[in-house]
Amino acid sequence: MLFKMEIVKTVAVKSTLLLAVCFSAGFAAAAACSGPPALQAKLRAHADAQSYIDLGTWFGDHSNYDCALETFRAALKLEPGSAQIYYLVGLTLLSAGHVEDAIEPLKRSIFLLPEVVKPHLLLGAAYDQLHRSDEAKAQWQAALQIDPHSTEALDAVSKSLLNDGDYASVIELLRPVPYNEDLTLDLALAYGKSKMLDEAAQLLTKALRAHPASLRLSSALTTVLINQVHYQEAGKVAKEAALRHPHDLEAQRFYLRVLVLNGDSTIARPLARKLLAASPHDFYFLYLSGILENQAGEYGIAKDHLTQAVALDPNHYNAHYNLGVALLALKDFTGAKEQLEKSLSLGATEPEIRFKYATALRGIGENDEAKEQLKLYREQTHAMAQHALAVNKSAQAEKEFASGDPQKAVALYKEAFAAAPEDAQIAFKLALALDKTGDTASEHTVLEQAIKLDPNLALAQNQLGYLDSRGGDPASAEEHFRQAVRAAPGYTQAWVSLAATLAMESRFPEAEQAVASALRLDPANAEALQLRKDLTAAQAQR
Amino acid sequence: MPPKWTRRDLLRTLPAALATPLVPHALRAATTNAKAAAPFSRFVDIASSAGLTQTMVYGDPNHNTYIIEVNGAGCAFFDYDNDGWVDIFILGGRKLEGPVPGASNRLYHNNRDGTFTDVTSKAGLIDAGWANGVCVGDYNNDGFEDLYLTYYGQNKLYRNNGDGTFTDVTAKAGLLETGTRFGSGSAFVDYNRDGLLDLFVSNYVEIDLATAAKPSLKIPNCNFEGVPTNCGPGGLGFPAHSLYRNNGDGTFSDVSKESGVAALRGSYGFTVVAFDADEDGWQDIYVACDATPSMLLMNNHDGTFREEALIRGVALGSGGETLGGMGVGIGDYDLDGHIDLVKTHFVNQATGVYHNNGKGEFEDVTARVGFAAERRFSSWGTGLVDLDNDGHPDVLIVAGTVAPELERAYPNKYPARDPRLIFRNQGNGTFAEMPEAEVGPAISSRHVSRGCAFGDFDNDGDLDVLIMNRNEPPSLLRNDAPSGNHWIKIRLEGVQSNRSAIGSRALVRYGGKVQAQCVVSQSSFLSSNDPRLHFGLGAETFADVEIHWPTGKMESFSHLAADQLITIREGQGIVKGRAFR
C-alpha cells in the first residue's frame with residue numbers, strides 16, 4: 001500500500017492523552033531513524049513540525065513505519081493540536097496493519113478539523129476492515145457531504161451500497177457524475193446487478209472508446225457482453241485487450257477464458273499452449289489447457305495439466321471436476337471418483353458432476369451409490385427444467401396481465417407455480433393476478449403460501465395485511481404489516497398501513513410512531529401526512 | 001444474503017456467471033485426417049431433372065415466430081406400389097397465416113428412368129398442415145406399405161389401398177387424439193411379438209399458440225445470443241408420448257398407461273428408432289430428445305417398458321449435459337456385429353456416436369471416433385450407411401438453422417443455410433470429415449434441411465440420398481459410388497413376423513468382417529429409409545447372411561454372391577422378390 005500524504009490544515013489543540021493512545025501500539029522503539037541527508041539537514045536547520053512531517057512522510061513512503069511514527073511523535077510534541085499530524089499517525093498505523101490503533105488518531109483528526117475529506121475516508125476504511133460497517137458507512141457519507149464531487153468518497157459510498165445490494169442508490173448517485181474509471185466500474189456493476197445489462201454495456205462501451213487502454217474497462221465490458229450472450233463481441237473486446245496488453249497475464253488469462261467459453265478452440269488451444277510455455281506454473285493456463293485437451297480427447301495431456309492445476313489451487317472445484325473427467329476417460333475410476341468427490345465437497349452444484357460421479361462409481365462396482373447419484377442428477381435436471389418452465393410461464397403471464405387479461409394471467413401463473421412450488425415470487429404474482437379478477441379468497445390463500453415460503457416477502461405481507469384489514473381482522477393485519485416493515489424498513493406504504501391499523505384501534509401513540517417512520521422515508525407522502533393530521537385531531541378530541 | 005460483489009469477484013466469477021464451464025463448448029473443426037484413400041462416391045443433385053420441383057413450404061423462411069414452424073419435416077423412400085422401385089414421399093407444411101395454395105405433402109412415383117411423377121393428388125395424399133415426421137410399415141399385413149404421419153395437430157394413418165391410392169383411416173383405426181398435440185417421431189414396432197406392427201409416437205412440446213410467447217429478449221428461452229428467436233423448447237411444457245397396440249383388425253388400442261409410456265414426462269421427443277438394443281429378441285425403443293435426456297425404453301417382455309437411457313449411456317453427452325437430440329443414424333460403424341447409434345444435435349454440439357457392446361450398454365465415443373470437432377451447424381437428418389460400398393458404414397448429415405434471424409446478427413457464425421457433411425469411415429473405428437473441396441457441390445451446397453432418407457432409387461447398387469429442404473424443392477442426390485466395390489441388398493418379408501419385417505436384425509459376414517443392420521420404420525430425422533438393407537462389401541464378392549426375425553426365429557444363408565438384391569421370406573428362404581433392374 002502506498003503511503004499517501006495529504007496536506008491538512010492544523011488546529012492547535014492540546015491532547016496529551018491522545019498522544020499516549022497514539023503510541024500505545026507497542027511498537028519497537030526505532031533506535032536510529034535516519035532519513036535522507038536533505039531532510040535531515042532541513043530538520044537540523046529548522047526543527048519545526050513541518051520538517052518532522054516531511055521526514056516522517058519519507059519514512060512512510062519507504063514503509064519504515066516505526067520511524068515514521070517516531071517522527072510524527074516528535075511533530076505532535078511541537079503541534080499537539082494538529083489535525084494533519086493525527087491523520088498521518090492514523091495513516092501510518094493503518095499502513096502498518098494496526099487498524100484498531102489507527103481509529104483514535106483519525107477520530108481526533110476529524111474532531112479537530114471535521115471538514116476535510118481524507119480523514120473520513122481513511123477512518124471509514126479502518127472501520128470497514130474491522131467489519132464495523134455502519135460506522136464505516138457514516139464516515140463515507142460524511143466525506144461525501146463535505147465534497148459531493150470527491151471521487152474517493154463516491155467510490156467508497158458506492159462500494160458500500162453495492163455490498164448492501166442497494167444498486168438503485170448507486171445508480172442514482174453515480175449516473176450524473178463525470179467520468180472516472182473507478183466510478184464507471186461501480187456504476188456498471190450496479191447496472192449489471194440490476195439486470196440493466198444494456199445500460200451497463202453502453203456505459204462501458206463509451207468509456208472504453210475514450211480509454212481503450214483500460215484493462216479494467218475492457219474486462220468489465222467483456223463480462224457484460226457475455227452476460228448478454230453477445231459472445232462474439234465479448235471475444236472481440238477480450239482479444240483487443242489481450243493484444244494491447246501482451247505482457248499482462250490477467251489480460252491473457254481473461255482472453256483465454258472467453259475463448260474457452262465461446263468454444264473457439266482453434267484459437268484457444270494454440271494460445272493456451274503458448275501461454276503455458278511462457279508461464280508453466282500459472283493455474284489458469286494449466287486449468288484452461290486441461291479443459292481444452294479434454295475437449296480434444298487428449299485425456300493424458302489434460303490429466304497432466306489438471307493435476308498440476310489442482311496442486312496449485314486445491315479449492316477450485318471445476319479443476320477437480322475436469323481432472324475427474326480426464327481420469328474417467330483414461331478409465332482410472334478410483335482417481336476419477338476421488339476428484340469428483342472433491343469437486344462436490346467444494347460446493348459444485350452442477351448436475352453433470354453427479355452424472356460423471358455415477359459413471360466413476362459404476363466403474364469400481366459401486367452400483368447402488370451410482371444409482372443414487374443418477375437419482376440426484378435426475379432430480380436436479382428436473383428441477384432446472386421445471387424452473388425454466390416456470391420462468392417461461394411467468395413471463396407469459398406478465399404479458400397477459402400487462403395487456404389487461406388477468407384471467408389468462410392467473411391460469412399461466414398457476415402453471416408456473418405448479419412447476420415451481422417453492423417460488424414465493426411467483427406465488428405473489430399469482431396473488432396479484434387473482435386480486436385483479438376479484439377472487440380475494442384465493443388471493444388470500446396464495447399469499448399465505450407465499451409468506452410461508454418467504455416470510456420476508458414484504459409486499460406479500462403488506463397485501464395480506466390489507467386483506468385482513470378489509471376482512472375485519474385488525475390483529476392479523478397488524479401482524480402482517482409489522483412483518484412487512486421488519487423485512488423492509490424502507491417500505492413506506494407498509495408503515496402507513498400499520499399506522500392506519502393502529503389508529504383504527506385507537507392506539508394513537510404507536511400509530512404516530514409508525515406515521516413518523518413513513519414520513520422519515522417520504523416526507524411528502526400524502527397518505528402519511530393526512531393520517532398524521534387525523535391522529536392529531538383524534539387525540540385532540542379525547 | 002446476496003454475495004458481496006467487487007470488481008475482482010466479477011472477474012473471478014466470469015466462467016461461473018455464464019455458461020457452465022463444465023459443458024464442453026464448441027470445438028471448431030480441427031484437422032481432417034482423411035487418408036489419401038481410395039476414391040469416394042460422387043453425388044449429383046438430380047432433383048430438378050427428376051421432376052422433384054415442388055417447393056416444400058414450411059414456415060416463414062426469414063422469421064419464425066413459433067417453434068411449430070421450425071422442425072418440419074421428414075421424408076421417405078418407400079415402394080408404395082411394390083414394383084421394386086422405391087418411390088418418394090416428402091412432408092411439407094404451411095405458414096402461420098394458413099396453407100399456401102398448391103403446397104402439400106408430396107408423393108412421387110418412380111418412373112424407373114431417373115425421373116419421378118407427382119401422384120400426390122391421385123394417391124389421395126394432398127394435405128397442407130404442419131406435418132413433421134413419417135414412418136412406414138405394413139400395419140395390416142396386406143403386403144402394401146402404409147404411412148403414419150405426425151403433425152402439430154392431428155396425426156394421420158394412411159392405409160395403402162394397393163391400387164396407388166391411400167385412405168386416411170385415422171379415426172377408423174382409433175388413433176384420433178383429443179386436443180392439439182405436437183406429434184414428432186413415430187415408429188411401427190412389434191413390441192409384443194404378435195406379428196402385428198404396433199405404433200409408438202413421440203411428442204415434442206406442449207404449446208398453445210393462443211398463449212405462447214413470441215420472440216423476445218425479455219423472456220428466457222425466447223432468444224439466442226442476444227437475438228429474439230422462436231421460444232423453446234426449454235420453458236415449454238413436457239408432453240406425454242404414446243404407445244398403441246395393434247388389435248389385428250385395423251384398429252389400435254392406446255396402451256400408453258399400462259405400458260409405462262404415459263409416465264414418461266420430461267423429454268421433448270424427436271426421432272424414434274425401434275430396434276433390439278440388448279439383442280434379447282425383443283424390440284426396444286430409442287427416442288432422440290431435444291434439450292432433454294434422450295430415452296431408451298427397454299422392453300420388459302410383458303407389454304411394459306422401463307426407461308434406462310441414462311444408465312445405458314445414451315441419454316446425454318459424455319459430460320452429462322443435455323443435448324439437442326434431433327435425428328438418429330443406426331448401424332454398425334465398427335463392424336462388431338452390434339447396432340450403434342449416431343445422433344445429430346443442435347449447433348455448437350458435436351454429432352454423437354454411441355457404441356453398443358451388444359448388451360444395450362452404450363459408450364459415447366464421439367471424441368474418440370473423430371466427431372468432436374464439427375459443431376458448426378444444427379444437424380438433423382443422418383444415416384450410418386455405407387456410401388462408397390467399401391464395407392465400412394459412413395455418416396452423412398444434413399443441416400440447417402432453427403432461427404433464420406440469427407444469420408442477420410451472426411452471418412459467419414450462424415448462417416441459415418448449411419452444407420451437408422460426410423464423415424468417411426476410415427476402417428479403423430474412426431471417421432474423418434471430408435473437406436468441402438472433396439465432396440462436390442451437391443454435398444457442399446447450402447440449404448435449410450431437415451429430414452433425409454437413404455435408398456437406391458435407381459437400383460444401381462448404391463445408396464442415394466433424398467433430402468427435405470425447407471421452403472425449397474427437395475434434393476435428390478444420386479450416388480455414383482466408385483466402381484470396384486461390391487455390395488449386397490437384402491429385402492426381408494415377414495410371415496409370422498410382420499410383413500414389413502420391421503424389427504429384423506441382419507448380420508452380414510464378408511472378408512472376416514461382420515456388419516449388423518436392422519429394419520426400422522423410422523430413423524434419420526423423422527424419416528424412413530428404403531427398407532432394403534444395403535451392405536457394401538468392398539472387394540468381397542460373397543457374403544454370409546444371418547437374419548434374426550422379430551418373432552425370435554433365426555435363419556442363415558451362406559456364400560451369397562455380391563451385387564444383387566436378395567429377398568428372404570421368413571421360413572421360406574430366398575425367394576423371387578420384386579423387380580430390381
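Residues numbered from 1 in each chain as written. Chains lettered and ligands numbered in written order. Predicted model: local features only at pLDDT ≥ 70, side-chain atom pairs only at ≥ 80, totals over all residues. Heavy atoms only, no water.

**Student:** How do you make sense of the interface of chain A and chain B when you look at a structure like this?
**Tutor:** How large an interface is tends to be reported as the accessible area lost when its parts come together. Tallying the contact residues gives 57 residues for chain A and 53 residues for chain B. Between chain A and chain B the total buried area reaches about 4900 Å² when both faces are included, carbon and sulfur atoms providing 59% of it. Among the residues chain A hides against chain B, the three largest losses belong to Gln232(A), Leu261(A) and Gln295(A). Together they make up 11% of the total. The interface formed by chain A and chain B holds two salt bridges in total. We note a salt bridge from Lys331(A) to Glu363(B), for which the minimum N-O separation is 3.5 Å. (Contact = heavy atoms within 4.5 Å. Buried area = accessible area lost by both parts, 1.4 Å probe. Salt bridge = Lys/Arg side-chain N within 4 Å of Asp/Glu carboxyl O.)

**Student:** Got a minute to help me understand the environment of Thr567(B) in this structure?
**Tutor:** Residue and element names in this part refer to chain B. Position of Thr567 among the secondary structure elements: in strand E37 (residues 565–569). On the basis of relative accessibility, which here comes to 2%, the residue Thr567 falls in the buried class. Along the sequence, Thr567 and Leu492 sit 75 residues apart, while their C-alpha atoms lie 5.8 Å from each other. In contact with Thr567, other than residues within four places in its own chain, are Arg491, Glu493, Gly573, Ile574, Val575, Gly577 and Arg578. (Helix = DSSP H or I, 4+ residues; strand = E, 2+ residues; numbered from the N terminus. Buried < 20%, exposed > 50% of the residue type's maximum accessible area, 1.4 Å probe, protein only.)

**Student:** Explanation requested: the state of the cysteines in the structure shown.
**Tutor:** Any covalent bond linking the sulfur atoms of two cysteines counts as a disulfide. Counting across every chain of the model gives two disulfides over all chains. The partner cysteine of Cys33(A) in its disulfide is Cys67(A), sulfur to sulfur 2.0 Å. Between Cys33(A) and Cys67(A), the disulfide has an S-S torsion of -85 degrees and is therefore left-handed. Of the two residues, Cys33(A) is situated in the loop between helix H1 (16–22) and helix H2 (37–45) and Cys67(A) in helix H4 (residues 65–78); the sequence distance between them amounts to 34 residues. Through a disulfide, Cys222(B) is tied to Cys231(B); the S-S separation comes to 2.1 Å. Between Cys222(B) and Cys231(B) the sulfur-sulfur dihedral comes to about 110 degrees; the bridge is accordingly right-handed. Neither Cys222(B) nor Cys231(B) differs from the other in exposure class; each is buried. In this model Cys289(B) remains outside any disulfide bridge; the closest cysteine sulfur is found in Cys135(B), 16 Å from its own. Overall, Cys289(B) belongs to the buried group, its relative accessible area being 0%. Unpaired in this structure, Cys452(B) has its nearest cysteine sulfur neighbour in Cys75(B), at a distance of 6.4 Å. By relative accessible area, which is 0% here, Cys452(B) ends up buried. (Disulfide = S-S within 2.5 Å.)

**Student:** How do you make sense of helix H11 (residues 181–193) of chain A when you look at a structure like this?
**Tutor:** All names here are of chain A. Taking 1.5 Å of rise per residue, the 13 residues of H11 would be expected to cover 18 Å, and the 18 Å separating its terminal C-alpha atoms lies within 8% of that figure. Of the positions making up H11, those classed as buried are Leu183, Thr184, Leu185, Asp186, Leu187, Ala188, Leu189, Ala190 and Tyr191. Two or three places before Asp182, at the opening of H11, Asn180 has a side-chain oxygen 2.9 Å from that residue's backbone nitrogen. Phi for Lys195, located one or two positions after H11, is positive at around 60 degrees. (Expected span 1.5 Å × (residues − 1). Polar contact = N/O pair within 3.5 Å; in protein donor to acceptor, adjacent residues only side chain to side chain.)

**Student:** Any chance you could explain the pairing of strand E33 (residues 513–518) of chain B here in plain terms?
**Tutor:** Side-chain direction in a regular strand flips from residue to residue, so the side chains alternate between the two faces of the sheet. Residue and element names in this part refer to chain B. Of all six residues making up E33, five are buried, and the element is well covered by its neighbours. With six bridges connecting them, strand E32 (residues 505–510) and E33 associate as antiparallel partners. From the neighbouring strand, Arg509 faces E33, where its bridge partner is Val514. (Pairing = 2+ DSSP bridges.)

**Student:** Got a minute to help me understand the sheet that holds strand E30 (residues 475–480) of chain B in this structure?
**Tutor:** What links the strands of a sheet is backbone hydrogen bonding, and the strands pair in either a parallel or an antiparallel sense. All names here are of chain B. With antiparallel pairing, four strands are arranged side by side in an open sheet as E1-E30-E29-E28. The open sheet terminates on both sides in strands that have one partner only, identified here as strand E1 (42–45) and strand E28 (449–455). Across the sheet, the mean angle from the axis of one strand to that of its neighbour is 25 degrees, orientation sign disregarded. By the bridge criterion, five bridges tie E28 to strand E29 (residues 464–469) in an arrangement that is antiparallel. The residue bridging Gly455 from the neighbouring strand is Asp464, located in E29. (Axes fitted to C-alpha atoms, helices over the stretch in contact; angles between N-to-C directions.)

**Student:** Help me understand the sheet that holds strand E35 (residues 542–548) of chain B in this model?
**Tutor:** Residues and elements named next belong to chain B. Strand order across the open sheet formed by four strands is E33-E32-E35-E36, with antiparallel pairing between neighbours. Both outer strands of the open sheet, E33 and strand E36 (554–561), are each paired with one neighbouring strand and no more. Mean inter-strand twist for the sheet, computed between neighbouring axes without regard to direction, equals 20 degrees. Sheet analysis places E35 next to E36, joined by six bridges and oriented antiparallel. Directly across from Ile547, in E36, lies its bridge partner Glu555.

**Student:** Even after reading the chapter, I still don't get the side chain of Asn459(B), so can you show me in this structure?
**Tutor:** Residue and element names in this part refer to chain B. You can see Asn459 is positioned in the loop between E28 and E29. A polar side-chain atom of Asn459 sits 3.1 Å from the main-chain carbonyl oxygen of Gly84. Polar contacts involving the side chain of Asn459 include one to the side chain of Arg532, which spans 3.0 Å. Excluding anything up to four places from it in sequence, Asn459 contacts Gly84, Trp85, Arg532, Ala579, Phe580 and Arg581.

**Student:** Can you help me understand the packing of aromatic side chains in this one?
**Tutor:** The geometry of an aromatic ring pair comes down to the distance between the two centres and the angle between the two planes. Residue and element names in this part refer to chain A. For the structure on display, the rule yields 27 aromatic pairs over all chains. Ring centres of Phe283 and Tyr287 lie 5.5 Å apart, and the angle between their planes is 10 degrees; on these two criteria the pair is classed as stacked. Of the two residues, Phe283 and Tyr287 are both situated in helix H17 (residues 283–295); the distance of four residues between them amounts to about one turn of the helix. The same class applies to Phe283 and to Tyr287, which are both buried. Seen from their ring centres, Phe355 and Tyr377 are 5.7 Å apart, and the 50 degrees between their planes marks the pair as tilted. (Phe/Tyr/Trp six-rings, centres within 6.5 Å; stacked < 30°, edge-to-face > 60°.)

**Student:** Please explain the pairing of E37(B) as it appears in this structure.
**Tutor:** Burial within E37(B) is extensive, with four of its five residues counted as buried. In textbook terms, the turn of a hairpin is the stretch between consecutive antiparallel strands, and for E37(B) and strand E38 (residues 573–575) of chain B this stretch comprises three residues, one of which, Gly571(B), has a positive phi near 85 degrees.

**Student:** Is there a simple way to think about helix H7 (residues 117–129) of chain A in this case?
**Tutor:** Owing to its 3.6 residues per turn, the α-helix brings residues three or four apart onto one side. Between the first and last C-alpha of H7(A) there are 19 Å, a value that for 13 residues agrees with the 18 Å anticipated at 1.5 Å per step. At the C-terminal side of H7(A), His131(A) shows a positive phi close to 60 degrees.

**Student:** Explain the pattern of salt bridges to me, please; I cannot follow it from the model alone.
**Tutor:** Side-chain pairs of opposite charge can arise whenever the charged atoms involved come near each other. Taken as a whole and judged by the stated rule, the model has 45 salt bridges over all chains. The residue Arg216(A) makes a salt bridge to Glu181(A) at a minimum N-O spacing of 2.8 Å. Here Arg216(A), found in helix H13 (residues 215–227), pairs with Glu181(A), found in helix H11; they are 35 residues apart in sequence, far enough to count as distant. Note that Arg378(A) and Glu307(B) form a salt bridge whose closest N and O atoms lie 3.7 Å from each other. Taken as a pair, Arg378(A) in helix H22 (residues 367–402) and Glu307(B) in strand E19 (residues 305–307) lie in two separate chains rather than in one. On the basis of relative accessibility, which here comes to 41%, the residue Arg378(A) falls in the partly exposed class. The class for Glu307(B) is partly exposed, based on a relative accessible area of 21%. If you follow the salt bridges from partner to partner, you end up with Glu478(A), Arg482(A), Glu505(A), Arg507(A) and Glu510(A) in one network.

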